[in-house]
Amino acid sequence: MARAAALFAAVRLDHVVGFYRQFVIPSAGPRHFVPAEEAEQLALGERLLGVVRAAAGAAGVTGEDLGVVPDFVRRSLAALAIPGYRVLRWECDGDVFRDPAGFPPLSVATSGTHDTSALAVWWEEEVGADGRRALAAVPSFGRLGGADAAFTPAVHEALLDGLYGAGSALVVLPFPDAYGGRERINLPGTVGPPNWGYRVPWTVEDLCGSAGAALQGRLRALAARHGRAAG
């Protein structure tokens, strides 16, 4: 962690629940957690994350708290001032999406992760017509009202605008979602090109040229509109 802090301004702890407990699958006997009891898991996680925080110094530390994560882990992360994740497509209560404006400051808002489909694919093929209407009913996404399944530039802009307006201190976009691409970075549980075979489809010349400048301008305008631009 000290080495990472010397290289980067912030560090993401993947599968942060693993600091609290490990799931053991022995060759014989029942599967179990180590430690077995919640109180022990809590004590272990907070001790280990205390070491992490001390070594990180001024570098930011974020905990990836997605998947099967017990509630006490998220409460613990909040007590330790370690932000967790708020993934737009998963932030819902039943059929009702939560408004990103209400996300806690101690969180990272994002459109997806390395393990999800791209935002464009989610909108067109996965969320469905009812889901699109439900999202448009959220105040932060009111501009989506009447939008159909087509992932148009206007839909893309409205989705990012609502996300950038999140109460979260930090907003992170996977690169495909930043420019509206459809590539998937990883398809978990597979072997082959979908499994971490992703390559950025932009050349260095693209990034440094007019296309890159246009993308930079759009993202900077969003950041400025929501008070996320630095200088």
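Data block above holds the structure.
Residues numbered from 1 in each chain as written. Predicted model: local features only at pLDDT ≥ 70, side-chain atom pairs only at ≥ 80, totals over all residues. Heavy atoms only, no water.

Asks: So what exactly am I meant to see when it comes to helix α4 (residues 119-126) here?
Replies: Residues of α4 that are buried include every one of Leu-119, Ala-120, Val-121, Trp-122 and Trp-123, and no others. Buried residues along α4 sit in contact with β7 (96-97), α5 (128-136), α6 (153-164) and α7 (175-179). Just past α4, the residue Gly-128 takes up positive phi, approximately 80°. (Buried < 20%, exposed > 50% of the residue type's maximum accessible area, 1.4 Å probe, protein only. Helix = DSSP H or I, 4+ residues; strand = E, 2+ residues; numbered from the N terminus. Contact = heavy atoms within 4.5 Å.)

Asks: Help me understand a nonpolar patch on the surface in this model?
Replies: A contiguous nonpolar patch, built from Phe-23, Ile-25 and Phe-33 and spanning about 290 Å² of accessible area, is present on the exposed surface. For Ile-25, the position within the fold is in the loop between β2 (22-24) and β3 (32-34). (Patch = residues over 30% accessible without salt bridge, like charges linked within 9 Å, V, L, I, M, F, W, Y side chains within 5 Å. Areas by Shrake-Rupley, 256 points an atom, 1.4 Å probe, with all protein chains shown as cover. Salt bridge = Lys/Arg side-chain N within 4 Å of Asp/Glu carboxyl O.)

Asks: Help me understand the environment of Gly-29 in this model?
Replies: Within the secondary structure, Gly-29 sits in the loop between β2 and β3. Sequence-wise, Gly-29 and Cys-92 are 63 residues apart; in three dimensions their C-alpha atoms are separated by 38 Å.

Asks: For this particular structure, what's the right way to read the sheet that holds strand β9 (residues 170-172)?
Replies: Neighbouring strands of a sheet are bound in pairs by backbone hydrogen bonds; such pairs are parallel or else antiparallel. Spatially, the three strands line up as an open sheet ordered β5-β8-β9, and their pairing is parallel. Since the sheet does not close on itself, it has two edges, and those belong to β5 (84-87) and β9, each with one partner. In this sheet, adjacent strand axes meet at a mean angle of 30° when their direction is disregarded. With four bridges connecting them, β5 and strand β8 (residues 107-110) associate as parallel partners. When the bridges of β8 are listed, Val-87 appears paired with Thr-110. (Pairing = 2+ DSSP bridges. Axes fitted to C-alpha atoms, helices over the stretch in contact; angles between N-to-C directions.)

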